[in-house]
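# Notes for the structure review
Spelled out, the chains give:
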Amino acid sequence: MTLLSEDQSVRPQACRLPEPGKHISTSLHQHTTDYTGSKEDYMDSVDSAVFGAVEPPRRSRGRLILHGLVMFGREFCYAVEAAFVTPVLLSVGLPRSMYSLVWLISPILGFLLQPIIGSASDYCRSTWGRRRPYILALGILMLLGITLFLNGDAVISALVSDRSLKRIWAIVVVMVGVVLFDFAADFIDGPIKAYLFDVCSHQDKERGLHYHALLTGLGGAFGYLVGAMDWGHSVMGQLLGSEYQVIYFFSAFTWGIFLTVHLFSIPEQPLGKDPSASDPSPPSALRLLGSNSNGYGALAKEPVSPVVPASVPDLRPRSFSALGEANSVTSSAKQPNKEAQKKMNFRSLMKAVINMPSHYRCLCVSHLFGWTAFLCNMLFFTDFMGQIVYKGNPYADHNSTAYATYERGVEVGCWGLCINAVSSALYSYVQRVLLPYIGLKGLYFMGYFVFGMGTSLIGLFPNIIATLVLCSVFGVMSSTLYTIPFNLIAEYQREEEEQIKLRGSNETPRGTGVDCAALTCMVQLAQIIVGAGLGALVNVAGSVIVVVLSASTMSLFGCIFIALFIRYVE
């Protein structure tokens, strides 16, 4: 088992033997009685120890791919939701002025509960591990949500005969399904990432994230592809009742299989499991070397026992992952050990965001601009294709030509979103080529600018071919939002650590957990803004073309903000 220091770059050193003449206790009683220093003094000595962490074993490529398949299933279902949520809501009779409000409930819940649930997973003591119980629970909620979302109208139609009552119940059931699915799908990403970082070595984390990104893009592409097919006239459509039931079958089957594979891909060690607890022999450097008392990446909550001499370095596992901390929204493992570990709540998260350095705060604001622009476009793009490009009517009778035309526009919109998923995967490789020439800030600016210009052209010239071609710019923005801000945080952290080393200071580097958590909260805040404002904007304008123009406007504002306020890094 490889031992790495906290910065993952220092080779492990040999255990230092005591100097001749120094007495070493040989019993637990002597350890606890001879050591008279306080617990705080002991914890201080830990920070200066050579061994900072115990590295998990290396994982095979097959294991990492099996672990990442859950991202394929999640993104597949996400693509189905993004493509059909607005058409489904409008088809059950939801007024146009209210259809964006469905996006408000889930992000508000997430904004308030994410720190609490994320912190709870850090302290979960299930025998199955810390992360997998939460992944399973959220996965079941996702399945329940997509079931109500895609089948709610059919179920209510079969149970309720009164037309007005049927419309009300159909809207309620579909909205509950959308909120449940969106809530669970947003939350599940954190435990999945934390699970990966808990059980993988430093090198395997990078490989695992690569497979996650690749399978995410493939899942989105296949999800939009399934939505683009005309299942209504197929054999499966006639057998299951409608195209929505066919899409539900593919979604539920894909999610159920890949979630199960993910949960059994890599064993997870429970928190608090101590394989050496039954061994009464005294602790030693070699014994501590082989123990994983808190599991990989665990943050110990219970008192440390037994107390060991200050000369023996602490080899408790530490948290390797900044992203793991961010997605779980926990306080960073790099905080001074004198401070008690506290579960993060909404209030402490907001306090940390307000007190963060200005360049981090500017990064959060630019991230908010970007996600607001991106969600304006993505959440309503298929509806835009059906109403503006194809000139269909979602409120027409389901057997009318106008409604059939609208459905055709939605299907073609799914093809456009499939192009977006593919271009996002391809652009991630283009970024590597461009990075040495224009840097992170240049890539950040370019992603916003390309998206803003592309969406403005789509809004001004809503032509079928031109719109499908310009869907590739959505992928540029998607890849930018998922990579560049977090890379900038990593660079800011590296600069601060180098400055601390140059000053020769012993101060603790700023933890990345809260910074990344703040970026994640900007996504939910963007959803709240879009949900609260876009429906009213569409109602005032009288046309859904305003959603694309709003996306373009927000993106170009983001460009200006990046140029003026985002700090450049080499």
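For the structure itself, look to the data block above.
Now for a quick tour of the structure. (Residues numbered from 1 in each chain as written. Predicted model: local features only at pLDDT ≥ 70, side-chain atom pairs only at ≥ 80, totals over all residues. Heavy atoms only, no water.)

On to the overall build of the chain, then. From N to C terminus, the chain includes 19 helices and two strands. Evaluated residue by residue, the chain yields a buried proportion of 52% over its 570 residues. A separation threshold of at least 6 residues defines the contact pool for the chain, and within that pool the share at least 24 residues apart is 82%. With an accessible surface of roughly 25300 Å², the chain has 65% of that area assigned to carbon and sulfur atoms. (Helix = DSSP H or I, 4+ residues; strand = E, 2+ residues; numbered from the N terminus. Buried < 20%, exposed > 50% of the residue type's maximum accessible area, 1.4 Å probe, protein only. Contact = heavy atoms within 4.5 Å. Areas by Shrake-Rupley, 256 points an atom, 1.4 Å probe, with all protein chains shown as cover.)

The next subject is helix H3 (residues 61–91). The end-to-end C-alpha distance of H3, which contains 31 residues, comes to 45 Å, matching closely the 45 Å that a straight helix rising 1.5 Å per residue would cover. Phe84 marks where H3 bends most, by close to 45 degrees; the proline Pro87 follows one to four residues later. H3 sits mainly inside the fold: 26 of its 31 residues count as buried. Phi for Gly93, located one or two positions after H3, is positive at around 105 degrees. (Expected span 1.5 Å × (residues − 1). Bend = angle between axes of the 7 residues up to and from the residue.)

Attention now moves to the pattern of salt bridges. All chains considered together, the criterion is met by four salt bridges. The partner of Arg58 in a salt bridge is Asp204, and the shortest N-O contact between them spans 3.1 Å. In this pair, Arg58 sits in the loop between strand E2 (53–54) and H3 while Asp204 sits in helix H7 (residues 202–228), placing the two residues 146 residues apart along the sequence. The shortest N-O distance in the salt bridge between Glu495 and Arg567 comes to 2.4 Å. With a gap of 72 residues between them, Glu495 in helix H17 (residues 472–503) and Arg567 in the segment after helix H19 (545–565) connect regions that are remote in the sequence. For Arg567, a relative accessible area of 32% corresponds to the partly exposed category. (Salt bridge = Lys/Arg side-chain N within 4 Å of Asp/Glu carboxyl O.)

Next up on the list: the state of the cysteines. Disulfides are covalent bonds that link the sulfur atoms of two cysteine residues. One pass over the structure, following the stated rule, counts zero disulfides. For Cys362, which is in no disulfide, the shortest distance to another cysteine sulfur is to Cys364 and amounts to 9.3 Å. For Cys362, a relative accessible area of 17% translates into the label buried. (Disulfide = S-S within 2.5 Å.)

Turning next to H17. With 32 residues, H17 should reach 46 Å at 1.5 Å per residue; the first-to-last C-alpha distance of 47 Å fits that figure. The sharpest bend along H17 measures roughly 35 degrees and falls at Thr480. Positive phi appears at Gly504, one or two residues downstream of H17, with a value of about 70 degrees.

One can find Lys441 in helix H15 (residues 401–460). Taking the relative accessible area as the measure of exposure, Lys441 reaches 18% and is therefore buried. Engagement of the side chain of Lys441 in a polar contact is seen with the backbone oxygen of Ile566, the distance being 2.8 Å. Non-local contacts of Lys441, meaning those with residues more than four positions away in its chain, are made with Ile562, Ala563, Ile566 and Tyr568. (Polar contact = N/O pair within 3.5 Å; in protein donor to acceptor, adjacent residues only side chain to side chain.)

Attention shifts here to the packing of aromatic side chains. Given two aromatic rings, one states the distance between the centres and the angle between the planes to describe the pair. All chains considered together, the criterion is met by 20 aromatic pairs. Between Phe72 and Phe76, the aromatic rings sit 6.5 Å apart at their centres with planes inclined by 25 degrees, giving stacked as the arrangement. Here Phe72 and its partner Phe76 are both found in helix H3, four residues apart, which amounts to about one turn of the helix. In this structure, Phe72 and Phe76 share a single accessibility class: buried. Measuring from ring centre to ring centre gives 6.1 Å for Phe374 and Phe451, while their planes differ by 50 degrees; the resulting arrangement is tilted. Pair noted here: Phe374 is in helix H13 (residues 358–378) and Phe451 is in helix H15, with a separation of 77 residues, a long-range link. By relative accessible area, which is 0% here, Phe451 ends up buried. Each member of the aromatic cluster is reached from another via a ring pair, and the members are Trp371, Phe374, Phe381, Phe384, Phe451, Phe474 and Tyr482. (Phe/Tyr/Trp six-rings, centres within 6.5 Å; stacked < 30°, edge-to-face > 60°.)

Locating Leu150 in the fold gives a position in helix H5 (residues 132–159). Residues contacting Leu150, with those up to four places away along its chain left out, are Val80, Tyr244, Gln245, Ile247 and Tyr248.

Moving on, we get to the nonpolar core. Ranked by size, the top nonpolar core spans 127 residues in total, and within it Phe84, Phe149, Tyr224 and Leu488 carry the most contacts. With 17 residues, H3 is the single largest residue contributor to this core. Not counting chain neighbours up to four residues away, the residues in contact with Phe84 comprise Phe149, Gly227, Tyr244, Ile247, Val410 and Cys414. (Core = buried A, V, L, I, M, F, W, Y, C linked by side-chain atoms within 4.5 Å.)

Time to look at unusual backbone geometry. Although it is not a glycine, Lys391 sits at a positive phi angle of roughly 60 degrees. In this fold, Lys391 is placed in the loop between helix H14 (381–389) and H15. Since its relative accessible area comes to 67%, Lys391 is described here as exposed.

The next point concerns the packing of H3 against H15. Interaxial distance between H3 and H15 falls to 10 Å at its minimum, and their mutual angle equals 165 degrees. By the angle class used here, H3 and H15 are roughly antiparallel. Viewed along their axes, H3 and H15 form a crossing whose handedness is right-handed. On H15, the residues touching Ala83, Phe84, Pro87, Leu90 and Ser91 of H3 are Tyr403, Tyr406, Val410 and Cys414. Here the contact of H3 with H15 is composed, by residue class, of eight nonpolar, one polar and no charged. (Axes fitted to C-alpha atoms, helices over the stretch in contact; angles between N-to-C directions. Parallel < 35°, antiparallel > 145°, perpendicular 65-115°, else oblique. Left-handed = near helix turned anticlockwise from the far one by under 90°. Nonpolar A, V, L, I, M, F, W, Y, C, P; charged D, E, K, R; others polar.)

By themselves, these are just geometric observations and shouldn't be taken as functional.
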